[in-house]
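Summary of structural features
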Amino acid sequence: MQFVCRSFGLSNLPRRGHTLHEAPLEVLLLDIEAKLSIWEQGREVWSEEAFPVAELAYHLALWLQSPAAGHENFELDSMQAAKGMIGIVHSDEG
């Protein structure tokens, strides 16, 4: 599985009244967006425009650092994306 991010942007940052250099981390995690696509065996299986990719990266990094990574399922719990939109499920086949 491969995650591909393109066309990064911060479209909501000015609306929130922040600049890139003074925005708090939690705002950046929500506002850094990109076109996210998931590829499997050379084929795109899913894509979403303006996805909160920084927030996804943050939650994936926490999951990968846990001792249960690879054995425990991952589900993105996002403030911006619908619950369950991204999940990684453990299976014996890999």
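Please refer to the structure placed before this passage.
1. Structural notes on helix α2 (residues 53–65)
With 13 residues, α2 should reach 18 Å at 1.5 Å per residue; the first-to-last C-alpha distance of 18 Å fits that figure. Taken residue by residue, α2 has Val53, Ala54, Glu55, Leu56, Leu60 and Trp63 as its buried positions. Against β1 (2–9), α1 (25–31), β2 (33–40), β3 (43–51), β4 (74–75) and β5 (87–88) lie the buried residues of α2.

2. Quick word on the environment of glutamate 26
Structurally, the position occupied by glutamate 26 is in helix α1. Sequence-wise, glutamate 26 and glutamate 55 are 29 residues apart; in three dimensions their C-alpha atoms are separated by 8.7 Å.

3. A few points about the pattern of salt bridges
The full count for this structure, using the stated rule, is one salt bridge. Across the salt bridge formed by aspartate 31 and arginine 16, the nearest N and O atoms sit 2.9 Å from each other. Separated by 15 residues along the polypeptide, aspartate 31 in helix α1 and arginine 16 in the loop between β1 and α1 bring together distant segments of the chain. By relative accessible area, arginine 16 is classed as partly exposed at 34%.

4. Considerations on the nonpolar core
If you look at the biggest cluster of nonpolar residues, it comprises 12 residues: Ala34, Leu36, Ile38, Phe51, Val53, Leu56, Leu60, Trp63, Phe74, Leu76, Ile86 and Ile88. Broken down by secondary-structure element, the contributors of at least two residues to this core are β2 and α2. Tallying contributions element by element places α2 first for this core, with four residues. Discounting residues that sit within four places of it in the chain, isoleucine 88 has contacts with Met1, Leu60, Trp63, Asn73 and Phe74.

Cut-offs used in this document
- Residues numbered from 1 in each chain as written.
- Predicted model: local features only at pLDDT ≥ 70, side-chain atom pairs only at ≥ 80, totals over all residues.
- Heavy atoms only, no water.
- Helix = DSSP H or I, 4+ residues; strand = E, 2+ residues; numbered from the N terminus.
- Expected span 1.5 Å × (residues − 1).
- Buried < 20%, exposed > 50% of the residue type's maximum accessible area, 1.4 Å probe, protein only.
- Contact = heavy atoms within 4.5 Å.
- Salt bridge = Lys/Arg side-chain N within 4 Å of Asp/Glu carboxyl O.
- Core = buried A, V, L, I, M, F, W, Y, C linked by side-chain atoms within 4.5 Å.

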